[in-house]
Amino acid sequence: MRGEGPGHSGGRRGGGRGGRRGDSRGGGRRGGGRGDVRAAILALLAERPMHGYEMLQEIARRTNDLWHPSPGSLYPALELLEDQELVRSSSAEGRRQFELTDQGRSELARHPAERAPWDAILEAVDPGDLALDTALRQLGTTVSQVAESGTPAQKAQVEQLLTDTRRRVYLLLAGAPDGGSH
């Protein structure tokens, strides 16, 4: 599923979180498909100049962390756009900043996108998946707080809660009524 060219991301959903979701965004239950990195770059730079890392962060933010293009897809796309004279780079604060050229703005005006690339990602995702993802992130934040500042007894209780919850979720998936809480 990789190697679709500089305009597409081959990254996992979840980015550098150890492959929590496991598969590429090219299809499957979660929907969404891969985003168009080239279109995302042009759309972002139409708003303001940005560093490459800013673009990666902004794409992730605008897709609720569903799409994480890799630097290996973003930077070649930027180079291609520079070769096409649609963007230019300059050094700002010791970092390379990119902006649209007049030719890039003209290109966007001639071929306006029907919707932003991040909207296409979000529209294809099951709302239930988003809700589960949000709940999991919130739980992770809370567990991290216990790990940082909880007492040994609190940490042991949370570990037991997580173990019990994981077991109940598996029972729920197996079809046990109410997750096996009886």
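Up top is the structure these notes are about.
In this report, we go over the structure that sits alongside the text. Values in this document were obtained by computation on a predicted structure and should not be read as measured data.

### Here we look at the overall build of the protein
Link 1 in the chain: Counting secondary structure elements, the protein contains 7 helices and 3 strands.
Link 2 in the chain: Walking the protein from its N terminus toward its C terminus, one meets helices and strands in the order α-β-α-α-β-β-α-α-α-α.
Link 3 in the chain: Taking all 182 residues of the protein together, 31% fall into the buried category.
Link 4 in the chain: Taking the contacts inside the protein whose residues are at least 6 apart along the sequence as the reference set, 57% of them involve residues at least 24 apart.

### Let's talk about the pattern of salt bridges
Link 1 in the chain: All told, the structure shown has 10 salt bridges when counted by the stated rule.
Link 2 in the chain: Here Glu-54 and Arg-48 are joined by a salt bridge, their closest N and O atoms 3.1 Å apart.
Link 3 in the chain: Given the relative accessible area of 22%, Glu-54 is considered partly exposed.
Link 4 in the chain: Given a relative accessible area of 37%, Arg-48 falls into the partly exposed group.
Link 5 in the chain: The closest approach of N and O atoms between Arg-96 and Glu-79, which form a salt bridge, is 3.0 Å. Within this pair, whereas Arg-96 is found in strand S3 (residues 95–100), its partner Glu-79 is found in helix H3 (residues 71–83), the two being separated by 17 residues in sequence.

### What to know about H3
Link 1 in the chain: Look at H3: 18 Å from first C-alpha to last across 13 residues, which is about the 18 Å you get at 1.5 Å a residue.
Link 2 in the chain: Listing the buried residues of H3 in full gives Ser-73, Leu-74, Ala-77, Leu-78, Leu-81 and Glu-82. One face of H3 carries all of its buried residues, which in axial projection span an arc of 165 degrees. Those residues of H3 that are exposed and angled more than 90 degrees off the buried face are Gly-72 and Asp-83.
Link 3 in the chain: Residues of H3 that are buried make contact with helix H1 (37–47), helix H2 (52–62), strand S2 (87–92) and S3.
Link 4 in the chain: Where H3 terminates, the next one or two residues include Glu-85, which has phi positive at roughly 60 degrees.

### Side note on the side chain of Thr-101
Link 1 in the chain: Mapped onto the fold, Thr-101 is located in the loop between S3 and helix H4 (102–110).
Link 2 in the chain: Residue Thr-101 is classed as buried on the basis of its relative accessible area of 11%.
Link 3 in the chain: Beyond its immediate sequence surroundings of up to four residues, Thr-101 is in contact with Glu-85, Leu-86, Val-87 and Arg-88.

### Let's talk about the sheet that holds strand S1 (residues 50–51)
Link 1 in the chain: Overall, antiparallel pairing links the 3 strands, which are arranged S1-S3-S2 in an open sheet. Only two strands of the sheet have a single partner each, and these edge strands are S1 and S2.
Link 2 in the chain: In this sheet, S3 lies alongside S1 in antiparallel orientation, the contact comprising 2 bridges. Within the sheet, the bridge partner assigned to His-51 lies in S3 and is Gln-97.
Link 3 in the chain: The strands that H1 touches are S1, S2 and S3; relative to S3, the one it contacts most, it runs at about 90 degrees.

### Things to note about the packing of aromatic side chains
Centre distance and the angle of the planes are the two values used to describe a pair of aromatic rings.
Link 1 in the chain: With the rule as written, the count across this model stands at 0 aromatic pairs.
Link 2 in the chain: Over the face of the ring belonging to Trp-118 we find Arg-62, whose NZ or CZ atom lies 4.7 Å from the ring centre.

### Some details on the layout of surface pockets
Link 1 in the chain: Size it by volume and the second largest pocket reaches roughly 250 Å³.
Link 2 in the chain: Taken together, 13 residues form the lining of the second largest pocket, with Ala-39, Leu-42, Leu-108, His-111 and Ala-113 sitting closest to its centre.
Link 3 in the chain: Mapped onto the lining of the second largest pocket, the elements with two or more residues apiece are H1 and H4.
Link 4 in the chain: At 4 residues, H1 tops the list of elements feeding residues into the lining of the second largest pocket.
Link 5 in the chain: Here the residues of the lining of the second largest pocket sort into 8 nonpolar, 1 polar and 4 charged.

What counts, and at which threshold
- Residues numbered from 1 in each chain as written.
- Predicted model: local features only at pLDDT ≥ 70, side-chain atom pairs only at ≥ 80, totals over all residues.
- Heavy atoms only, no water.
- Helix = DSSP H or I, 4+ residues; strand = E, 2+ residues; numbered from the N terminus.
- Buried < 20%, exposed > 50% of the residue type's maximum accessible area, 1.4 Å probe, protein only.
- Contact = heavy atoms within 4.5 Å.
- Salt bridge = Lys/Arg side-chain N within 4 Å of Asp/Glu carboxyl O.
- Expected span 1.5 Å × (residues − 1).
- Arc of directions from axis to C-beta.
- Pairing = 2+ DSSP bridges.
- Axes fitted to C-alpha atoms, helices over the stretch in contact; angles between N-to-C directions.
- Phe/Tyr/Trp six-rings, centres within 6.5 Å; stacked < 30°, edge-to-face > 60°.
- Lys NZ or Arg CZ within 6 Å of the ring centre and 35° of its normal.
- 1 Å grid on protein atoms, 1.4 Å probe; cavity = no way out; pocket = protein on both sides within 12 Å on 5 of 7 lines; lining within 4 Å.
- Points joined across faces, edges and corners; volume = space filled by probe spheres on them.
- Nonpolar A, V, L, I, M, F, W, Y, C, P; charged D, E, K, R; others polar.

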